[in-house]
Amino acid sequence: MRYLKTLTATLLCAAAPAFAQSADSPWLLHLGIHVVDPTSHTGHLAGMSASVDKSTRPTVSIEYKLDPAWSIEALAAAPFEHDVRLAGQRAVRVKQLPPVVGVNYRFLAGSRVSPFLGVGVNYTRFFDAKGRNALEGADVDLDSSWGIAWHAGVDIALDPRWSFTVDARYIDIDSKVSVGGTTVGTAHIDPWVYGVSVGYRF
């Protein structure tokens with residue numbers, strides 16, 4: 001028994017520097033799930049009121065801490081899939097990828113609970129658009145979009161390496177929509193993106 005205690009103490013002492021290095025590392029990996037929830041009225045397309053359904057997907061982000069308060073973060077996700085409706089009827093199904101790169105500021109850096117605000121740049125690429133119902137078989141295209149992404153949330157430290165985050169982003173997304181090569185309007189999607197994630201400092 002004394003041997004086991006001595007061995008355990010030796011292993012803990014040997015692992016302590018590695019744990020401290022990980023706990024002090026500026027790199028964080030966040031794995032989560034988020035909802036893209038477009039504004040309820042996205043404008044008019046072909047003279048009809050348009051709306052875009054919400055979509056939920058897993059997300060991942062890499063964050064680099066410049067100091068305890070400031071950090072740079074890059075967010076990515078599995079492709080979100082949306083139905084575009086015209087006058088309430090499904091007209092287009094489309095996929096999109098909305099990566100964001102931005103900076104965050106934590107107000108209570110080092111505390112167990114720390115709210116933060118951030119701002120960044122979003123690039124949204126739409127692809128695999130398919131017409132439905134009246135647009136079945138039509139050539140539908142949505143232009144890519146660049147816009148500002150505002151960010152806010154709360155970090156909750158679980159231990160020196162693990163954390164839990166609740167956050168939301170408001171993203172400026174506008175996309176010109178074309179059917180058969182003719183522009184039929186601009187979709188002002190402007191979604192809230194909200195969800196939760198677990199962070200690991202490595």
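For the structure itself, consult the block above.
Keep in mind it's a predicted model, so treat the numbers as computed, not measured.

*Asks:* Give a description of the environment of S25 that names residues and reports values.
*Replies:* Within the secondary structure, S25 is located in the loop between helix 1 (2–24) and strand 1 (27–37). Judged by relative accessible area, S25 falls into the buried class, the value being 9%. Remark: the alpha-carbon pair of S25 and Y64, spanning 39 residues in sequence, is separated by 8.9 Å. A polar side-chain atom of S25 sits 3.2 Å from the main-chain amide nitrogen of W27. Within the structure, the side chain of S25 is placed 2.3 Å from the backbone oxygen of F202, a separation counted as a polar contact.

*Asks:* Give me unusual backbone geometry: which residues, what numbers.
*Replies:* For D128, which is not a glycine, the phi torsion comes out positive at approximately 55 degrees. With respect to the helices and strands, D128 occurs in strand 9 (residues 113–131). Judged by its relative accessible area of 35%, D128 is partly exposed. With phi around 35 degrees, D190 is a residue other than glycine that occupies positive phi space. The exposure class of D190 is buried, given its relative accessible area of 15%.

*Asks:* Let's hear about the pairing of strand 4 (residues 55–65): which residues, and what values?
*Replies:* In this sheet, strand 4 lies alongside strand 1 in antiparallel orientation, the contact comprising 10 bridges. Looking across to strand 4, one finds that W27 is bridged to Y64. Strand direction decides the pairing type here: strand 4 and strand 5 (residues 70–77), joined by seven bridges, are antiparallel. Counted as the bridge partner of S61 is L75 from strand 5. Taken together, strand 4 and the strand that follows it, strand 5, pair antiparallel across an intervening segment of four residues.

*Asks:* Provide a residue-level description of the pattern of salt bridges, including the pertinent values.
*Replies:* Taken as a whole and assessed by the stated rule, the structure comprises 10 salt bridges. The residue K54 makes a salt bridge to D37 at a minimum N-O spacing of 3.8 Å. With K54 in the loop between strand 3 (48–52) and strand 4 and D37 in strand 1, this residue pair connects regions lying 17 residues apart in the sequence. Given the relative accessible area of 23%, D37 is considered partly exposed. Beyond isolated ion pairs, a larger network of salt bridges with shared partners links E63, R106 and D155.

*Asks:* An account of the pairing of strand 6 (residues 80–86) is requested, with residue identities and associated values reported.
*Replies:* Buried residues dominate strand 6, accounting for five of its seven residues. The pairing of strand 3 with strand 6 spans three bridges and is classified as antiparallel. When the sheet's bridge partners are listed, S51 is paired in strand 6 with R85. Between the end of strand 6 and the start of strand 7 (residues 89–97), which pair antiparallel, lie two residues, with A87 showing a positive phi angle near 55 degrees.

Rules and cut-offs
Residues numbered from 1 in each chain as written. Predicted model: local features only at pLDDT ≥ 70, side-chain atom pairs only at ≥ 80, totals over all residues. Heavy atoms only, no water. Helix = DSSP H or I, 4+ residues; strand = E, 2+ residues; numbered from the N terminus. Buried < 20%, exposed > 50% of the residue type's maximum accessible area, 1.4 Å probe, protein only. Polar contact = N/O pair within 3.5 Å; in protein donor to acceptor, adjacent residues only side chain to side chain. Pairing = 2+ DSSP bridges. Salt bridge = Lys/Arg side-chain N within 4 Å of Asp/Glu carboxyl O.

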